[in-house]
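Letter by letter, the chains look like this.
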Amino acid sequence: MDYFLTARLPFSLTSVIRSHGWFQLLPFAVPEDASSLEYILELSSGKVVRLTFREADGGANLTISEEMEAVDLEEVQAAAAWMLELDFDLSSFYAIAQDERKLAHAETNARGRILRCATIFEDVVKTILTTNTSWGGTKRMVRGLVEKYGAALASDPEQKAFPTASQLAKANVEALRQECKLGYRAPYVLELAQKQTLGEIDLEALKTNHPPTPELRKQLLALKGIGDYAAANLLMILGRYDYIPIDSWALSMVSKEWHAGEPIGRAEVEAAFERWGEWRGIAYWLWDWSAS
DNA sequence: GGTAGACCTGGACGC
DNA sequence: GCGTCCAGGTCTACC
């Protein structure tokens, strides 16, 4: 089943895919020829499908692996629109970025959208798994969760969706710690899954609720395992660019760019991008760090 | 509000 | 092959 997804222009599927490392984490996959983006999705009906996105003029083409009923199709299309931020309006950012040499590529290459997972729960879990570890460690932990707890695609049981909150809520800390190698993050992920399942938190409501960014940040920081860096990262995924995800890499790059490699702190990173206001996060993210 | 130490894993390094 | 050190953010206890 093939569908065309209309996007607000400018749009580039490649730019969305390459916006950050999510495409390297299961259940995302990019084939060797890099011609598409695949994602295994479990629908609320329990049906598991493979979505394949391909570049197309004015948007993206979507191929769904299975035949499905109208209600499932509606859910898939809503998920796809959310994941690719099809309707995201970056025009005011492009307007102020066009005069900055280090950001001139942004509009030209339709950059600024951040690839999302189908659920905010999945984005939060993955963000927790990026903290205090190497990228290889993150990939390993995510793979462990998907392979152990994810629902399988009927036509290819090797391919699995990311586990839902209710699936993960049934796990125990030791299994997450030992078998999925989550280490000290295991209780954070388990608590998140249990709270989401019990309705004590409702992460998916953030797709439609739009609290002011400081309040949203406060909500994210209240989640165990989410600190300043992780909250800023999630805010960017949610389309809020007011905060910069300051990690060791950010400190290093800003130091080289403006402080001759001298040790700096968070304040210097924030000061460097202060002038970009509500767009400072994406200005930092898209900044051309190559030597000029 | 700021700081120190613990948390956990894998990779780099020296022996 | 083994042991040690370090990097990577967040949490908690303490001041």
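Everything quoted here is computed from the prediction, not taken from an experiment. (Residues numbered from 1 in each chain as written. Chains lettered and ligands numbered in written order. Predicted model: local features only at pLDDT ≥ 70, side-chain atom pairs only at ≥ 80, totals over all residues. Heavy atoms only, no water.)

All residues in the neighbourhood of DNA strand B are listed as Asn 132, Arg 140, Arg 177, Gly 183 and Tyr 184. Among atoms of DNA strand B positioned within 4 Å of the protein, sugar and phosphate together represent 88%. The side chain of Arg 177 places a nitrogen or oxygen atom 2.4 Å from a phosphate oxygen of DNA strand B. For the surface near DNA strand B, the per-class residue count stands at 1 nonpolar, 2 polar and 2 charged. (Near = heavy atom within 4 Å. Polar contact = N/O pair within 3.5 Å; in protein donor to acceptor, adjacent residues only side chain to side chain. Nonpolar A, V, L, I, M, F, W, Y, C, P; charged D, E, K, R; others polar.)

Here we take up unusual backbone geometry. Of note, the bond from Leu 9 into Pro 10 is cis; its omega dihedral lies within 30 degrees of zero at 0°. Relative to the helices and strands, Pro 10 is located in the loop between strand E1 (2-6) and helix H1 (13-17). The step from Leu 26 to Pro 27 runs through a cis peptide bond, and the omega angle for that step is 5°. Within the fold, Pro 27 resides in the loop between H1 and strand E2 (28-29). Despite not being glycine, Lys 181 has its phi angle at roughly 60°, a positive value. Judged by relative accessible area, Lys 181 falls into the exposed class, the value being 54%. Positive phi, normally seen in glycine, also occurs at Ala 260, with a value near 55°. With respect to the element layout, Ala 260 can be found in the loop between helix H12 (248-258) and helix H13 (266-273). Relative accessible area serves as the criterion here: at 71%, Ala 260 is assigned to the exposed category. (Helix = DSSP H or I, 4+ residues; strand = E, 2+ residues; numbered from the N terminus. Buried < 20%, exposed > 50% of the residue type's maximum accessible area, 1.4 Å probe, protein only.)

Mapping Trp 276 onto the fold places it in the loop between H13 and helix H14 (280-286). Relative accessible area serves as the criterion here: at 5%, Trp 276 is assigned to the buried category. Taking the C-alpha atoms as reference points, Trp 276 and Ile 96, separated by 180 residues in sequence, lie 8.3 Å from one another. In this structure, Trp 276 is in contact with Ile 96, Ala 97, Glu 100, Leu 103, Ala 283 and Trp 287, ignoring residues within four places of it in sequence. (Contact = heavy atoms within 4.5 Å.)

DNA strand C sits among 15 residues. The nearest are Asn 132, Gly 225, Gly 227, Ala 230 and Asp 247. Among atoms of DNA strand C positioned within 4 Å of the protein, sugar and phosphate together represent 63%. At a separation of 2.6 Å, a phosphate oxygen of DNA strand C approaches a polar backbone atom of Gly 225. Backbone polar atom of Ile 226 to a phosphate oxygen of DNA strand C: 3.4 Å apart, as the coordinates give it. It is helix H11 (residues 228-237) that contributes the most residues to the surface near DNA strand C, 3 residues altogether. The residue inventory of the surface near DNA strand C, partitioned by class, reads 6 nonpolar, 6 polar and 3 charged.

By themselves these figures say nothing about function.
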